[in-house]
Amino acid sequence: MGDFRRVVFCCLLTVVRCKMSGCIMGEMVWAVFQGIADLGRGGYEQCNAAHDGCWFPARVASFDGDFYIVEWDDGDRLHRRVPAGLVRRRFTEELCSVPVVYDSDDPEDLWQPSEIPCTILLRLHWNASKVKWRKKAVSKLRKEHLPDEVIGGFEWHVIFRFRVVNQCERVFKTIHKVLKTCADPEECYAHEYVKGIEYVGDDPNTRKVSGRHLHEQRDEL
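Source: prediction; values computed, not measured.

Chemist: Whenever I open this one, the overall build of the protein chain confuses me. Can you help?
Modeler: Within the protein chain, the secondary structure is distributed over three helices and 14 strands. In the protein chain, which comprises 221 residues, the share counted as buried stands at 41%. Counting only contacts in the protein chain whose residues sit at least 6 apart along the sequence, the fraction spanning at least 24 positions is 61%. Carbon and sulfur atoms make up 53% of the accessible area of the protein chain, which amounts to about 12900 Å² in all.

Right, dumping it as structure tokens:
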């Protein structure tokens, strides 16, 4: 099974199974806000996909035909129904495809997503657009926090995975303690390399409640 960015989400509602080759529920995405916004040109104007400033961070909440229902990161409740062609993965910039629904009444045909280790997404400062700076940042963070796995290749993100949940939680709290001193994360350099941090998948508390203190690699068929 590939990393979490390629995990396929499946759900069962009575006898209907939902399969997606696109974005999954809860996935972090960029989506076009189809209303009026301040695009930094001296006033409010109608947004469109051609303007980078109209792509706002969000999470997939649900599906509606050829549309995604998103939750905007800033809490805005307007224009949450977005066509699939105007939603893209936050990490890879790939456009999300349209959900496809298949009928199935065979319980054995249900697919379960692979469990992933405790995973942290680190959002780097804009300096990360410079390759030399980004490589130095990832190297320093890796040496300091000793993740079991590093998923790189992104311009402004790096992903750390930890088999031991307590270690994952300790790293998160260490970095978050520094970041929470910032009034404006976009302008704050309290941490030399990181401007934002979040868990991907289940957080440590959820894992501990279900007894998953240590991630065991599972063979995939």
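Right, picking up where we left off after that structure.
Chemist: Just to check I follow, could you spell out the packing of aromatic side chains for this structure?
Modeler: To describe a pair of aromatic rings, you give the distance between the ring centres and the angle between the ring planes. A complete count under the given rule lists eight aromatic pairs for this structure. With 5.6 Å between their ring centres and 65 degrees between their planes, W133 and Y193 make a pair best called edge-to-face. Note that W133 is positioned in helix α1 (residues 131-145) and Y193 in the loop between α2 (165-179) and β14 (194-200), a separation of 60 residues in sequence. We note that W133, like Y193, is buried. Measuring from ring centre to ring centre gives 6.4 Å for F160 and F162, while their planes differ by 80 degrees; the resulting arrangement is edge-to-face. As far as the burial class goes, F160 and F162 line up, both buried. For R81, the ring lying beneath its charged end belongs to F67, and the centroid distance is 3.7 Å. Above the plane of the ring of W55 lies R88, whose end atom (NZ or CZ) is 4.0 Å from the centre.

Chemist: How do you make sense of α2 when you look at a structure like this?
Modeler: Given 3.6 residues per turn, any residue in an α-helix points the same way as the ones three and four places further on. Over its 15 residues, α2 runs 21 Å from end to end, which matches the ideal 21 Å to within 8%, given 1.5 Å per residue. Residues V165, Q167, C168, E169, V171, F172, I175 and L179 constitute the buried set of α2. In the core, the buried residues of α2 are packed alongside β11 (118-124), α1, β13 (157-162), β14 and α3 (204-209).

Chemist: Would you mind showing me how to read the sheet that holds strand β8 (residues 81-83) here?
Modeler: Two pairing modes exist for strands in a sheet, parallel and antiparallel, and in both the strands are linked by backbone hydrogen bonds. Within the open sheet, the five strands sit side by side as β8-β7-β6-β3-β9. Their pairing is antiparallel. Because the sheet does not close on itself, it has two edges, and the strands there are β8 and β9 (87-89). Within this sheet the neighbouring strands show an average axis-to-axis angle of 50 degrees, counted without direction. Bridge count between strand β3 (residues 28-32) and strand β6 (residues 55-64): five bridges; the pairing is antiparallel. Looking across to β6, one finds that W30 is bridged to P57.

Chemist: Can you walk me through unusual backbone geometry in this structure?
Modeler: Excluding glycine, most residues fall at negative phi; most peptide bonds, likewise, are trans. Positioned with a positive phi, H79 is a non-glycine residue whose angle comes to about 55 degrees. Position of H79 relative to the elements: it lies in the loop between β7 (67-72) and β8. A positive phi angle, close to 50 degrees, is found at L146, a residue other than glycine. With respect to the helices and strands, L146 occurs in the loop between α1 and β12 (149-151).

Chemist: What am I meant to see in the environment of C47 here?
Modeler: As for its placement among the helices and strands, C47 is situated in the loop between β5 (44-46) and β6. Residue classification places C47 among the buried residues on the basis of a relative accessible area of 7%. Taking the C-alpha atoms as reference, C47 lies 5.8 Å from I36; in sequence the two are 11 residues apart. The residues touching C47, leaving out its near neighbours within four places in the chain, are F33, G35, A37, L39, C54 and F56.

Chemist: I tried to follow the side chain of H191 on my own but got confused; where do I start?
Modeler: Tracing the sequence through the fold places H191 in the loop between α2 and β14. Note on H191: relative accessible area 11%, which makes it buried. Here the side chain of H191 touches V194 through a polar contact of 3.1 Å, landing on its backbone nitrogen. Apart from the residues within four sequence positions on either side, H191 is in contact with H125, L141, I175, V178 and L179.

Chemist: Looking at this structure, I do not really get a positive patch on the surface. What am I missing?
Modeler: Together, K132, K136, K140 and K143 make up a region of like positive charge exposed at the surface. With respect to the element layout, K132 can be found in helix α1. A relative accessible area of 73% places K132 in the exposed class.

Rules used throughout
- Residues numbered from 1 in each chain as written.
- Predicted model: local features only at pLDDT ≥ 70, side-chain atom pairs only at ≥ 80, totals over all residues.
- Heavy atoms only, no water.
- Helix = DSSP H or I, 4+ residues; strand = E, 2+ residues; numbered from the N terminus.
- Buried < 20%, exposed > 50% of the residue type's maximum accessible area, 1.4 Å probe, protein only.
- Contact = heavy atoms within 4.5 Å.
- Areas by Shrake-Rupley, 256 points an atom, 1.4 Å probe, with all protein chains shown as cover.
- Phe/Tyr/Trp six-rings, centres within 6.5 Å; stacked < 30°, edge-to-face > 60°.
- Lys NZ or Arg CZ within 6 Å of the ring centre and 35° of its normal.
- Expected span 1.5 Å × (residues − 1).
- Pairing = 2+ DSSP bridges.
- Axes fitted to C-alpha atoms, helices over the stretch in contact; angles between N-to-C directions.
- Polar contact = N/O pair within 3.5 Å; in protein donor to acceptor, adjacent residues only side chain to side chain.
- Patch = residues over 30% accessible without salt bridge, like charges linked within 9 Å, V, L, I, M, F, W, Y side chains within 5 Å.
- Salt bridge = Lys/Arg side-chain N within 4 Å of Asp/Glu carboxyl O.
- Lys, Arg positive; Asp, Glu negative; His and termini not counted.
- Charge placed at Lys NZ, Arg CZ, Asp CG, Glu CD.

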